[in-house]
Amino acid sequence: MNLAVRRFLLFFFSIATLASCDDPTDIGIDLQDENLIGTNFTDTITINTGTVLLTDSILSFRTAPAQVGYLADPVLGTLKATTYTEVALNGTDVKFGENPQVDSMVLTLDYSFIYGNKTAPLKLNVFRLTEGFQEKASYFTNTTLAKQEAPLGSTTLVPLLYEKKKQFDVDSTAAKRLVKIKLPQSLINEFVAQSGNDPLKSQANFKAFFKGLAIAPAGEPSSILALNLAADSSKIVMHYKNGADKKKHTFRLSGSAVNYFTNFEGNRAGTAVAELSQNGDFIPATEGNGNESYIQNNTQLLTKLTLPYLENFREAAGTIIINRAELIVPVKAASTGAFSAPPQLLLYQTNNTNRILKDGSGNALTVQQNGVGQINSTAFPAALTFDNKRNRYALNITSYFQAMLLGKKPNNGLLLAPAVVTNSQSGTSVASDIRPFRAIISNAGDSKVQLVVYYSKLD
């Protein structure tokens, strides 16, 4: 069999395989016999970028971590985070004795993450809710609950994470850093007055009496904290005496009986993306703004990628098989010091409306993991993981790119969006990432978005 016939047969069976199984992986990276068909390389396929605003709601109900704070991003404006939470009675038929003498009532909050300016003071207020959680309601990052106008208490702190010290070659935690807010005597009096009464007999009764708390930022912007509401040190403790006996009761901020969510409020006034206001609005990355586009959790700023000259590449290359196609997305140098990039991103299919496309079952259409499943599946989304050393994201999109060249997937653009992606034997689960990460995507000079393609010519 001569070389020309072998090439034809290889191409014929490759196309037949793709058409029958809808999975270009079968003709992908395994076919790299350079002696038979040769290998070519390009990294010059033009990729344009820009920033898209989506206004779809992001579910925040019982999504950890709860967050609180206020930061100023010099590129994307300000971001406020407020936590709304119920409080657990932590018992039934709670009583404080005959004549309790209350010493204090203090809210403490454990935190494990600081985002933003780690050296500036952060002021926090705690408010009493006047509107409770509803059993059948949904709570998103743009949801709020009504609260009293005056705060129950306030504090100002410079956040610090755990201090560790080395002892006998073992790391030990020296001290936990906690937010501590003293609650007022008026609230103490209310609680004590209900000792042994209906409001303290059950969790349901207690929630009707005390609907919960809003923990909100105040003052100047500095940072956002991730709160560990499930930690033993996140609680309200009431210290009191019965005669000479010192006692305390702990109200928890965790457990199946406690609902919570985080609200986020962004303000982009005066930024390069200030004009983005409606769902699907788009601003292209241009030389005027350094060819930058943006991704920001919670405010739904996403980066759109388009390949405007893909048809030119297809015509110039001729009949080819893609051996490997790797998408490389660089993050602007020195932009992640105070504002870390999202740990993971997904590539969502879109079109000229700049919305995330879905299948007939309502599942978002994402680029799938290369070599797993079929290209039209939604079960195995492919995550782009941030590479701290190279300051970039990268993803093997061989199957998807081959499908685009063969018309099996449209060339209408892709949206880069943050997500929490977890792989298991049964598939891949995707959840919203509400941590306040952001990334500046660079697309200029030596730091630009690239599609690195190795391919074999068949004609």
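Throughout this description, residue numbers start from 1 for each chain and increase along the sequence as written. Side-chain atom pairs in this predicted model are given and counted only at pLDDT of 80 or more, local residue features only at pLDDT of at least 70, and totals for whole chains, interfaces and linings cover all residues. In computing side-chain properties, one takes all heavy atoms of the structure into account and sets aside hydrogens as well as water.

Our next topic: the overall build of the protein. Elements are defined by DSSP. Helices are runs of H or I of four residues or more, strands are runs of E of two residues or more, and each kind is numbered from the N terminus. Along the protein, the regular secondary structure elements total six helices and 27 strands. The classification of residues rests on relative accessible area computed with a 1.4 Å probe and restricted to protein chains. Under 20% of the type maximum is buried, over 50% is exposed, and intermediate values are partly exposed. Looking at the protein residue by residue over its 459 residues, the buried ones come to 49%. Residue contacts are counted whenever heavy atoms from the two residues lie within 4.5 Å of one another. A separation threshold of at least 6 residues defines the contact pool for the protein, and within that pool the share at least 24 residues apart is 81%. Here the accessible surface of atoms and residues is derived via Shrake-Rupley with a 1.4 Å probe, and residues count as covered only by protein chains that are part of the display. If you sum the accessible surface of the protein, you get close to 21400 Å²; carbon and sulfur atoms cover 47% of it.

Attention shifts here to the packing of helix α5 (residues 310-317) against helix α6 (residues 398-405). Every axis in this analysis is a line fitted to C-alpha atoms, fitted for helices over the stretch in contact. Angles between the N-to-C directions lie between 0 and 180 degrees. Between α5 and α6, whose axes approach to 10 Å, the crossing angle comes to 85°. By the angle class used here, α5 and α6 are roughly perpendicular. The segment α5 lies against α6, with L310, F313 and R314 engaging F401, M404 and L405. A per-class count over the contact of α5 with α6 returns five nonpolar, no polar and one charged. For this classification, under 35 degrees means roughly parallel, over 145 means roughly antiparallel, 65 to 115 means roughly perpendicular, and everything else is oblique. Residues are grouped as follows: Ala, Val, Leu, Ile, Met, Phe, Trp, Tyr, Cys and Pro are nonpolar; Asp, Glu, Lys and Arg are charged; every other residue, Gly included, is polar.

A word on the pairing of strand β5 (residues 101-116). With seven bridges joining them, β5 and strand β13 (residues 235-242) adopt antiparallel strand pairing. Counted as the bridge partner of L107 is I236 from β13. A pair of strands is treated as paired once DSSP finds two or more bridges between them. Pairing analysis gives five bridges linking β5 to strand β10 (residues 178-182), with the strands arranged antiparallel. When the sheet's bridge partners are listed, L109 is paired in β10 with V179. In terms of strand pairing, β5 meets strand β12 (residues 223-227) through five bridges, oriented antiparallel. Bridging across to β12, I114 finds its partner in L225.

Before going further, it helps to spend a moment on α5. Buried residues of α5: L310, F313 and A317, and no others. Each buried residue of α5 lies within a common arc of 60° when the element is viewed along its axis, so the set occupies one face. Opposite the packed face of α5, turned more than 90 degrees from it, sit the exposed residues E315 and A316. Looking at the buried side of α5, the elements it contacts are β1 (40-42), β19 (320-330), α6 and β27 (450-457). Residue G318 follows α5 closely and has a positive phi angle near 80°. An arc is given here, and it is the one of the directions from the helix axis to the C-beta atoms.

Here, a salt bridge means any Lys or Arg side-chain nitrogen found within 4 Å of an Asp or Glu carboxyl oxygen. Evaluation of the coordinates by the stated rule reveals seven salt bridges. For D433, the salt bridge goes to R435, with nearest N and O atoms at 3.0 Å.

In terms of burial, α6 is largely enclosed, as eight of its eight residues are buried. Buried within α6 we find T398, S399, Y400, F401, Q402, A403, M404 and L405. Buried residues belonging to α6 abut α5, β19, β20 (344-349), β22 (392-396), β23 (414-418) and β27. One or two steps after α6, the chain reaches G407, where phi turns positive at roughly 75°.

Buried residues of nine kinds, namely Ala, Val, Leu, Ile, Met, Phe, Trp, Tyr and Cys, make up a nonpolar core once their side-chain atoms join them within 4.5 Å. Grouped together as the largest cluster of nonpolar side chains are 37 residues, with contacts concentrated most on M105, L107, F206 and F251. The element contributing the most residues to this core is β5, with five residues. Contact partners of M105, with chain neighbours within four places excluded, come to I181, K182, L183, L187, I188, F191, I236, V237, M238 and F251. Core analysis: the next-biggest nonpolar cluster, separate from the first, contains 36 residues, F313, I322, A382 and I397 among them.

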